[in-house]
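Coordinate analysis (summary)
The residues making up each chain are set out below.
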Amino acid sequence: MNTYTQITQDEAMHMMTKNDGHIILDVRRPDEYAIGHIPGAILIPNETIGTTPPDELKDFNQVILVYCRSGNRSKQAASKLAAMGYSHIYEFGGINTWTGEITRD
């Protein structure tokens, strides 16, 4: 069974600089995302992730960097994605301790 890898926010920042087709996945609620999110992040709320692969995540081998507000929902979401067969999931905690850029769009 696939598992996810927990990484530090510094490691996540470094991974975000690579041109490897990675996805930054925000698993908070839409209202939280609207207040501010990491640039380029897509929103798939943890509550909407079940056992069917999300349409936005077509490549099971793609690097997926997952975060939420504090790190709880991102761990849940990463675990669910791993159970579906995604193989490169990296969970890096919550935006409440993020020192990088935050945007609203």
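Keep in mind the model is a prediction, meaning the values are calculated, not measured.

Parameters at a glance
Within any chain, residue numbers begin from 1 and follow the written order of that chain's sequence. Local features in this predicted model are restricted to residues whose pLDDT is 70 or higher, and side-chain atom pairs enter the listing and the counts only when it is 80 or higher, whereas totals over whole chains, interfaces and linings include all residues. Hydrogens and waters are ignored; side-chain quantities use all the structure's heavy atoms. Side-chain atoms within 4.5 Å link the members of a nonpolar core, which is a set of buried Ala, Val, Leu, Ile, Met, Phe, Trp, Tyr and Cys residues. Buried means the residue's accessible area, taken with a 1.4 Å probe over protein chains only, is under 20% of the maximum for its type, while exposed means over 50%, and partly exposed covers the values in between. Helix numbers and strand numbers start at the N terminus; a helix is a DSSP run of H or I with at least 4 residues, a strand a run of E with at least 2. By definition, residues are in contact when any of their heavy atoms lie within 4.5 Å. Two strands pair under a simple rule: DSSP has to find at least two bridges between them. Angles here are taken between N-to-C directions and fall from 0 to 180 degrees, while the axes themselves are lines fitted to C-alpha atoms, restricted in helices to the stretch in contact.

**With respect to the nonpolar core**
Generally speaking, soluble globular proteins have nonpolar side chains that are buried together. Within the largest apolar cluster, 16 residues are counted, with the highest numbers of intra-cluster contacts made by Leu25, Leu57 and Leu81. When residues of this core are traced back to their parent elements, those giving at least two are β2 (23–26), β4 (63–68) and α3 (72–84). When residues of this core are assigned to their parent elements, the largest contribution, five residues, is made by α3. Excluding residues within four positions of it along the chain, Leu57 makes contact with Ile23, Leu25, Ile42, Ile44, Ile64, Leu81 and Tyr86.

**So, the sheet that holds β4**
Across a sheet, paired strands are connected by hydrogen bonds in the backbone, their directions being either parallel or antiparallel. What the five strands build is an open sheet, ordered β1-β5-β4-β2-β3; its pairing is parallel. Either end of the sheet is taken by a strand with one partner, and the two such strands are β1 (5–6) and β3 (42–43). Pairing analysis gives two bridges linking β1 to strand β5 (residues 88–94), with the strands arranged parallel. By the bridge assignment for β5, Gln6 is matched with Glu91. Along the sheet face, helix α1 (residues 9–16) touches β2, β4 and β5 and points at about 130° away from the line of β5. Sheet strands in contact with α3 are β1, β2, β4 and β5, and its direction is about 170° off that of β5.

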